[in-house]
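Observations on the model geometry
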4 protein chains.
Amino acid sequence: VSRSSTEPRKRLRELGVRIGVHATGPHNAITDVAGVRVGHATIVRDEGGTARTGVTAILPRGGNVFLERVPAGAFVLNGAGEVSGLTQIVEWGLIETPILLTNTMSVGRVSDATMRYMLEQFPGIGAEHDVIIPVVGECDDSWLHDVSLGSPTEEDVRRALDEASDGPVKEGSVGAGTGMITCDFAGGIGTSSRRVPRGSSVYTVGVLVLSNFGHMADLRVDGSPVGSIVKPLFDGEGRRRRSYGSIIVVVATDAPILSAQLVRVAKRAALGVGRVGSYAAHGSGEIVVAFSTANPIPRETPSMLADLHVLLDAALDPLYQATVEATEEAILNALCMSEGQIGLEGRRAPALPLDEVARIVSLYRDAGVRAVDGELSTRGSDGA
Amino acid sequence: VSRSSTEPRKRLRELGVRIGVHATGPHNAITDVAGVRVGHATIVRDEGGTARTGVTAILPRGGNVFLERVPAGAFVLNGAGEVSGLTQIVEWGLIETPILLTNTMSVGRVSDATMRYMLEQFPGIGAEHDVIIPVVGECDDSWLHDVSLGSPTEEDVRRALDEASDGPVKEGSVGAGTGMITCDFAGGIGTSSRRVPRGSSVYTVGVLVLSNFGHMADLRVDGSPVGSIVKPLFDGEGRRRRSYGSIIVVVATDAPILSAQLVRVAKRAALGVGRVGSYAAHGSGEIVVAFSTANPIPRETPSMLADLHVLLDAALDPLYQATVEATEEAILNALCMSEGQIGLEGRRAPALPLDEVARIVSLYRDAGVRAVDGELSTRGSDGA
Amino acid sequence: VSRSSTEPRKRLRELGVRIGVHATGPHNAITDVAGVRVGHATIVRDEGGTARTGVTAILPRGGNVFLERVPAGAFVLNGAGEVSGLTQIVEWGLIETPILLTNTMSVGRVSDATMRYMLEQFPGIGAEHDVIIPVVGECDDSWLHDVSLGSPTEEDVRRALDEASDGPVKEGSVGAGTGMITCDFAGGIGTSSRRVPRGSSVYTVGVLVLSNFGHMADLRVDGSPVGSIVKPLFDGEGRRRRSYGSIIVVVATDAPILSAQLVRVAKRAALGVGRVGSYAAHGSGEIVVAFSTANPIPRETPSMLADLHVLLDAALDPLYQATVEATEEAILNALCMSEGQIGLEGRRAPALPLDEVARIVSLYRDAGVRAVDGELSTRGSDGA
Amino acid sequence: VSRSSTEPRKRLRELGVRIGVHATGPHNAITDVAGVRVGHATIVRDEGGTARTGVTAILPRGGNVFLERVPAGAFVLNGAGEVSGLTQIVEWGLIETPILLTNTMSVGRVSDATMRYMLEQFPGIGAEHDVIIPVVGECDDSWLHDVSLGSPTEEDVRRALDEASDGPVKEGSVGAGTGMITCDFAGGIGTSSRRVPRGSSVYTVGVLVLSNFGHMADLRVDGSPVGSIVKPLFDGEGRRRRSYGSIIVVVATDAPILSAQLVRVAKRAALGVGRVGSYAAHGSGEIVVAFSTANPIPRETPSMLADLHVLLDAALDPLYQATVEATEEAILNALCMSEGQIGLEGRRAPALPLDEVARIVSLYRDAGVRAVDGELSTRGSDGA
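Heads up: these notes are all about the structure in this document. Just so you know, these numbers come straight off a predicted model, no measurement behind them. (Residues numbered from 1 in each chain as written. Chains lettered and ligands numbered in written order. Predicted model: local features only at pLDDT ≥ 70, side-chain atom pairs only at ≥ 80, totals over all residues. Heavy atoms only, no water.)

1. Let's talk about the relation of the copies chain B and chain D
Rule in force here: A least-squares fit on C-alpha atoms brings the copies together, and the residues used are those whose pLDDT is at least 70 in both copies. Residue contacts are counted whenever heavy atoms from the two residues lie within 4.5 Å of one another.
At an RMSD of 0.0 Å, chain B and chain D line up after a rotation of 180° and a shift of 0.0 Å along the axis. In the structure described here, the two chain copies are related by an operation that fits a two-fold rotation axis. Closest to the rotation axis within chain B is the C-alpha of Leu-308 of chain B, separated from it by 2.5 Å. Here 100% of the interface residues in chain B have copies in chain D that are interface residues too; the copies meet face to matching face.

Set out below in C-alpha cells:
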C-alpha cells in the first residue's frame, strides 16, 4: 500500500531495539499473562463505502470474568476519549466484562452487542444478577474510515470475542487498530510484555495498546528522534489528519495487586506513552485500564470475606518500570507491524520505514558503544 | 395501578411542603433555566413482553449545543453506574451533545441513536469537525421492565429529542423514569428549580433527576421520616427488588460559572440526594452532571481567546444551597407525581400515598409551629 | 458562660434522640474501635492575650502506628482547609503517624512538634526508615482565639499525645475544639460509634469530628429544623463570625477493609455532615480521613507479600449507613456537650440550649407517634 | 568537592543540547514569566552537625499574591510527598501565598515561619481576612543533611523570601536543593522556560524544579542514555541512598488560562519528569503546581463578577509541549549546575561529569546528523 509495503514487517526487537531492562515473556504480548485472550475482527472493505475499522476484544480471564471479576484500576492522562464502564471500574476496582476496543462512533453499537453477548452467556444478568456495563474503549479512525457506514456490526463484535485466544497477538493495522494512525504512520494495535522476578516468583506485565496519537516529528524510538529524522521522506505524502488522536492502553498482570495498586500501575503506562513522544494533546483521549488476574473476586460468597494474597506497595517499583517499558514497546510494535493503510478518499497512512529505522537505530547504538568505550578509557586513565 | 392510583397526583409544594429557603422559578423545573428543553419518550407495552422504560432528553441550549458548547462539571458520589461521555466532560469541562437518560442495558443503543441524530444535524462531525461522544446516563429498571426486549429503539430516542420543549416538565413514571423506583415507590423523573438573587441579577438553578435509589425506611421528606412511618402500610406488597438502585442528577444554571465551579456545584447535589435518605449504597450509580448556559464556548474562534464574565467562587454559596434544595425537591417530585407502576411478572411499585404524606407532614409542621411558639414564650419570659 | 451554661450538659442520646438504626458501642465514641486512643490539650487563657484553642490527638493503633501502618482513605467534600499528609494518605492508602487536630494557623507548628515526637519514639526515622509526614488537620478558631499568640506549643502537642487513652472521650469545647463553633453554637469535638453485625462478627465504626461549620438556621437534629426554631432566641447575641467554617471528620473501624474501601466510607461521612445542615460552603474545609485497624501493614516483610482478610465491597452498605449515622451524631454531640464559650474581644458562642432542644425534639417525636398511629388506623380500616 | 568539581559548571544549553522545539525566554528561567521572583537560603554548615539544606521561595506575583491571587492547578504523579496547602489549591484553583520549598522534616517549621511572615505583611489575616494555608513543598535530603539539626530556621525562610528577585536564578545545590540528589548526582534546583507564539501574543512558560529523584542508570539527556553510559565511572563511589526520592515541579505562565487548564498543564510536567528517566517510584513524591499570572483574582469585588480573558483549551497544545520541554530541561539544569556535594558522614553526591556528557551528547548528535544525511540520500535516490 505505502512505499514501505514491500518490506516484510518485523517487531521492534527484530530491528535490534531493546526497550528497558526487563526480559519479555515468551510471546512478548499481553497474552503472556496466563488467562488473557485477545481477538480481532478486521474490517477492510471498499464496496459501498470505504471501511477501515474493526474490533479488538480482550478477555481478562478466559470466558469467566463475569463470575470471577478481576481487580482493576484506571488512569486518564487526557480525557478527550471514552472507555464506557470506566466510572464503575474506578468505583468498584473491578472489571466484570470483556474489554472491547473500536472506533469512536461505534462505542454505543459495540457496547450494545457486548451486552447481548453477555446476556447469552449469563442469562441471569438483569435478573438474579445485576445488570452490567460493558467496557468499550475507542479511538477515532474517521480519517481513513467512513464512519457513516455503521461498522463494525454485532457480528463483528462476536467474531472478535469468539476468536479471542492466547498465544501470539496480531499487531499493526488489525482489529480496532485497522484505521488507526500513530505519529502519522499506520498502525493501531501493538503489544509487549515484561517478566519481573520477585523472591521465588516471576510476575508478568503485559500491555496492549490501541494507538492513534501523535505527530511524526515527535516520534522517539528508545529515546532516538526517529520521527524528526524520517519526516522529510514523507513531506510529499499530502495533508495529515487534523486531530492529534488518542491511545487506549490495557495493562494486564498476574502480580497479586489490588485496585488502588492497579491505579498506580496505570499511571506509569502514561509515562511510557510520553516516552514515545506524546505530550497528551488537548484532543487526545489517553486512557489506561489495568487489571490483575490474581485474586479474582467472586460475585458473592457466603461469608462476604475474602482472603487476598497481596504484594506490598513498597515492592511495586519493578512492576512500574516494566509497565513503562512494555507500553513504550507495545506502541512501537503497532507501528512496526503495520504495512501501511490507504483509506477514505485515497488518504494514505504510510508504514513506518523499517530499513530506515533500523539504520538510524544502529547509528545511535554505535554512538552509544563509542560513548561507553570513551567512558571506559576515561575510567582507565583516571584510575577511578 | 397501585392502591393510591385514584388520588390525583400533586407536586410536593401542593402538599404544603417547601424545601429550603430560596424561591422557585415559574415552572419549578429545570426548564426555568432559559434555553433548556426536556423531552420524554415513554414506553409502556404489554404485548410481546412487558416494557416499562423510556428515554428522556435534555437539550442544554436548544438545538445548538454542538456549536456553542456549555461549560460543565460532574461529580460521582458512587460510581456503580454510567454516564457515557463523562470522561470528556471532566477533561474539557464542556458538554457538546444533548444529555440522554435511559435504562442501563440501553446506554449503547441510545448512544448510537444519538450519534446518528447528531450526524444528521451536523454532517461535518467526523469530517471538518471532530467526532463526538454522546452523554447518556442510566439507571436500572430491570425489576419492572423486561430488558431482553431491546427497547428503547432509535425512534424512541428521536422522539424524546424532537419533542423536547421548554415550559413544564412531565414527572413521575415517564420517559427514562417509567420503570424507575425511588425508596420502593414508583417514580423516576422529577425536577425543581431555585432563583438566587445576586446584586442586580437573579440566577436560576434547575435540577432534573432520574431517580431510582433507596429503601422505603430511609425516605425523608424535608427531614421528616415519612418512609419509616408509611412502611407498615406496604409490608403486604411482596418482595422488593434486590438492588439499591441509582440516581442521575442533571443541574442547569444560567449563573456565569465555569467548569471547576460546576464540579463544585455538582458535589452539592449529592448532599441533596443524601437528605432524601441515600447513603450511597455500594451498587448505586449516583452521578451528577452540571452545566451553565452562560459563557457558551465556540468550537473555534480566530483568536482562540474568549472574554468570559464569571461569578467569583466566594459568591457561590447561595447557588450551593439552591442546588441542595432543588435536588431534594426534584427527587420528591418524582415520587409525588407517579401514579404507581405494575410491571414485569406483575411486580408492583406503589405510588407514594399523598394523603398520608400530607397528613404526616402536617403533623410535623404543627410540631414545628408549637416549637416556635414555645421558643417565643421562653423568649418572652426570659426577656432575652 | 452563655445563657445555657447552668444546665448540666448531656449527650444527644440523653435528650432522647436516636440517630439512625444501628446500635452504638459501649462508649458511643471512636474509642469503641479497639486500639484507638484520643487525647486533648485544652488551652484557655486570658493573660497576655485570649487563648481559646487546643490540640486533639488520635492514635489509630496505640503507640504502634509507625511500624504497623493502618489502611486509610480520605475524601474532600470541600477543600478550603488542610490535612497535612493527605497526599500521602491518598497515594499509599496508609496512615503511619498519629492524627493531630488543631487551629489553622498552627498546622505547621503542630506538624513540627509531632515530627520531633516521632523522632524520639522512632530514632530510625530519616535514617534506616524513610522520613515521615505527620497528619495534622485544622479548623479556624480565629473568631474566639487570638491567633497571634502562637499557641498551641510543642508541649501542648506532647500533652495531647501522651494523655491519649481509650475509654470515654471528652467532647464539646475541648482540645482542638476549644474555640470552634458549629452552626453558631460553641462546640468542636464530638464523637459517636455504631456496631454493625455481619455474619458471626460485629464490626465497629467510630467517628470523631472537629466541627466548626455552618449557620444556626441550617442546623437539623435528626431531620428536625431545630436551628431555625431556636434562632430567634439568639438574635440579640450580636454579630456572627464571617466565615462559614469547616469540619474534619475522622472515621475509624475494625472492619477488615482496605484503602479503596475506606475512601468510599469517607465519602459517606460527608452525607452525615450534610444531614446536620451543611451545604459545604465555598470557604469550608470539609475533609474526611478514614482508617481500619484490621490488616495492619508492616513497613517491610521478607517476602513483601501480605495475606489480607478483607470484607467484600458488596457487604459494605451497613458500614456506609453506620458512618452516616455516627457522623451526624458526633457533630450533634459536640454541640450538646459544650457549655458555651466567650473569647477574643468578648465574643460569645452560646451553648446549644438543651432544654429547648429536648422540648422541640419531643414535639417532633410526638408528631411521629401520631403519624404512625394514623397510619395504623388507616391500615386497619383499609384491611391492607 | 566531587571528582568533577574543577570543571566550571555550565547549563545544559551550553553543552550544546537543545531540548524540544520551542525557544527559551531571556533567562531560560521561571523568572521569564513577568512578576515571578525566586529567592534561596542555602545552608551549608559543618560545626555542630552537618547541614546541607535550605529554602527556596517562589513569589508568583511579586509581593502581592495575597490580595491578587493567581489561578492555579496541581497534579500528583506519585503522592509520597507533601505540598502543604495543596488541598486548597485544588479546591479553589488559586494560590494566595508564596510557594516555599524545603526538606521534608521542615515543612511544618517553614509553614509556620511563612505564616508569621504573611501576618506581618497583611495584619488583617485571621481578622478581616480569612486565615491562610501556606504552600510548602518538600523533598527528602536526609542522606546528606542531618535532619536532627532543625534547620532551616525562621530566619532562613525570611531570607529566601526577602531576597527573592527576578532575573537569573541560581541552580544546582542551592536553596532547598542544597542537599538534593537527582539520578545519584548532586543537584536539586533547576529552571528553564519556553516562549510560545500565539496569534499576536507570545506566552511564556517557566518551570522551576526541586529535583531529588531517580537512579543513575535511568538518566536520559534528550533521549540519550547518558546515565547508563557514565554509571561505570561511579561504581566506586560507595553506597547510594536507599530511597528513590521525589520531585516538586512549579510551572508558571503568563498565558491567560484558568485553574482547570492549569491542572492540565501540570499533568504535562509529569511527562517531562518521565522523559528524564523517572518511573514515579512508590516512595517518590512527584507533585506539580502550576499557576498563571494573567487574570489575578481579587479577594473581593463589589459585584463579585470578574471579566476574564481566557485562551481556549483547543489552543493549549503548544503550552503543553512547552511544559514538557521546560520541565525536562529544568531537571537537567539542576544536575549541570551543581558542583557536587559531600554531606553527612562523608557521603558523596558527585557532580554530573559535564565533559563526559558533552562528549556523549556529541556522539549522539553526530549519529543524528548521519541519520539525516542517510535519509536525504535515500530520498534523493528515491525521488520521493
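2. What to know about helix α6 (residues 317-337) of chain C
What counts here: Secondary structure elements follow DSSP: runs of H or I no shorter than four residues count as helices, runs of E no shorter than two count as strands, and numbering proceeds from the N terminus. Expected span of a helix: the number of residues minus one, times 1.5 Å. Accessible area is worked out with a 1.4 Å probe on protein chains only. A residue is then buried under 20% of its type maximum, exposed over 50%, and partly exposed in between.
Under the 1.5 Å per step criterion, the end-to-end length of α6 of chain C is 30 Å for 21 residues, consistent within 8% with the ideal 30 Å. The element α6 of chain C is largely enclosed, with a buried count of 19 among its 21 residues.

3. Thoughts on the sheet that holds strand β4 (residues 83-84) of chain C
All names here are of chain C. Where we set the bar: When DSSP finds at least two bridges between two strands, those strands are taken to pair. To obtain an axis, a line is fitted to C-alpha atoms, over the contacting stretch when the element is a helix, and the angle between two such axes runs from 0 to 180 degrees between their N-to-C directions.
An order of β1-β2-β6-β7-β4 is seen for the five strands of this open sheet, with the pairing classed as mixed. Lying at the two open borders of the sheet, with one neighbouring strand each, are β1 (37-45) and β4. Pairing of strand β2 (residues 51-63) with strand β6 (residues 99-103) involves three bridges; the strand directions are antiparallel. If you follow Ile-58 over to β6, its bridge partner there is Ile-99. Where helix α2 (residues 107-121) meets the sheet, its contacts fall on β4, β6 and β7 (135-139), and the angle it forms with β6 comes to roughly 150°.

4. Re the sheet that holds strand β4 (residues 83-84) of chain A
Residue and element names in this part refer to chain A. Within the open sheet, the five strands sit side by side as β1-β2-β6-β7-β4. Their pairing is mixed. Of all strands in the sheet, those bounded by a partner on one side alone are β1 (37-45) and β4. Where strand β6 (residues 99-103) meets strand β7 (residues 135-139), five bridges bridge the pair, whose relative direction is parallel. Paired with Ile-99 across the strands is Val-135, a residue of β7. Docked against the sheet, helix α2 (residues 107-121) engages β4, β6 and β7, running at close to 150° with respect to β6.

5. Quick notes on the pattern of salt bridges
All names here are of chain C. In plain terms, the rule: Any Lys or Arg side-chain nitrogen found within 4 Å of a carboxyl oxygen on Asp or Glu counts as a salt bridge.
The tally for this structure, following the rule as stated, stands at 73 salt bridges over all chains. Note that Arg-159 is salt-bridged to Asp-156, the shortest N-O span being 2.9 Å. In this pair, Arg-159 and Asp-156 are both assigned in helix α3 (residues 154-162), three residues apart and thus about one turn of the helix distant. For Arg-159, a relative accessible area of 32% translates into the label partly exposed. For Asp-156, a relative accessible area of 9% puts it in the buried group.

6. Let's talk about the packing of helix α5 (residues 259-276) of chain B against helix α6 (residues 317-337) of chain B
Residues and elements named next belong to chain B. The condition is simple: An angle below 35 degrees is treated as roughly parallel, one above 145 as roughly antiparallel, one from 65 to 115 as roughly perpendicular, and anything else as oblique. Helix crossings are classified by the rotation of the near helix relative to the far one: an anticlockwise turn of less than a right angle makes the crossing left-handed, while a clockwise turn makes it right-handed. Nonpolar residues are Ala, Val, Leu, Ile, Met, Phe, Trp, Tyr, Cys and Pro. Charged residues are Asp, Glu, Lys and Arg, and all others, Gly as well, are polar.
It is at 7 Å that the axes of α5 and α6 come closest, and there the two elements cross at 45°. The pairing of α5 with α6 is recorded here as oblique in orientation. Judged by the sense of rotation from one axis to the other, the crossing of α5 with α6 is right-handed. Packed against α5, whose contacting residues are Arg-264, Val-265, Arg-268, Ala-269, Leu-271, Gly-272, Val-273, Arg-275 and Val-276, the element α6 presents Tyr-320, Thr-323, Val-324, Thr-327, Glu-328, Ile-331 and Leu-332 at the interface. Its residues placed into classes, the contact of α5 with α6 shows nine nonpolar, three polar and four charged.

7. Observations concerning the relation of the copies chain D and chain A
The operation relating chain D to chain A is a screw motion whose rotation component is 180°, with 0.0 Å of axial translation and a residual RMSD of 0.0 Å. Residue by residue, 100% of the interface of chain D is reproduced at the interface of chain A, so both copies engage with the same surface.

8. Some words on the interface of chain D and chain A
Accessible area lost upon the coming together of the parts serves often as the stated size of an interface. What counts is decided by this rule: Using a 1.4 Å probe, buried area is obtained as the accessible area two parts lose upon being combined, added over both of them. Here a polar contact is taken to be a pair of N or O atoms separated by no more than 3.5 Å, where protein atoms must pair a possible hydrogen donor with a possible acceptor and residues adjacent in sequence count only if both atoms sit in side chains.
Taken together, the contact pairs 49 residues of chain D with 49 residues of chain A. Taken over both partners, the interface formed by chain D and chain A buries close to 4,300 Å², and the fraction arising from carbon and sulfur atoms is 53%. Joining chain D to chain A, the criterion identifies two salt bridges. Ionic pairing is found between Asp-222 of chain D and Arg-220 of chain A, a salt bridge with its closest N-O pair at 3.0 Å. The tally of links between chain D and chain A comes to 24 residue pairs in polar contact (both at pLDDT 80 or more).

9. Overview of the interface of chain B and chain D
Each partner contributes to the interface: chain B provides 26 residues, whereas chain D provides 26 residues. A combined buried area of about 2,100 Å² lies between chain B and chain D, and 55% of that area is made up of carbon and sulfur atoms. When the buried area of chain B at its contact with chain D is split by residue, Met-304, Leu-305 and Leu-312 of chain B rank highest and sum to 31% of it. For the pair chain B and chain D, the number of links is two salt bridges. On the surface where chain B and chain D come into contact, there are nine residue pairs in polar contact (both at pLDDT 80 or more). Among the elements that make up the side of chain B that touches chain D, the one with the highest residue count is strand β15 (residues 305-311) of chain B (seven residues). Looking at the side of chain B that touches chain D residue by residue, the class counts come to 17 nonpolar, four polar and five charged. Two elements, β15 of chain B and strand β15 (residues 305-311) of chain D, share seven bridges in a ladder whose sense is antiparallel. The residue of β15 of chain D that forms the bridge with His-309 of chain B is Asp-307 of chain D.

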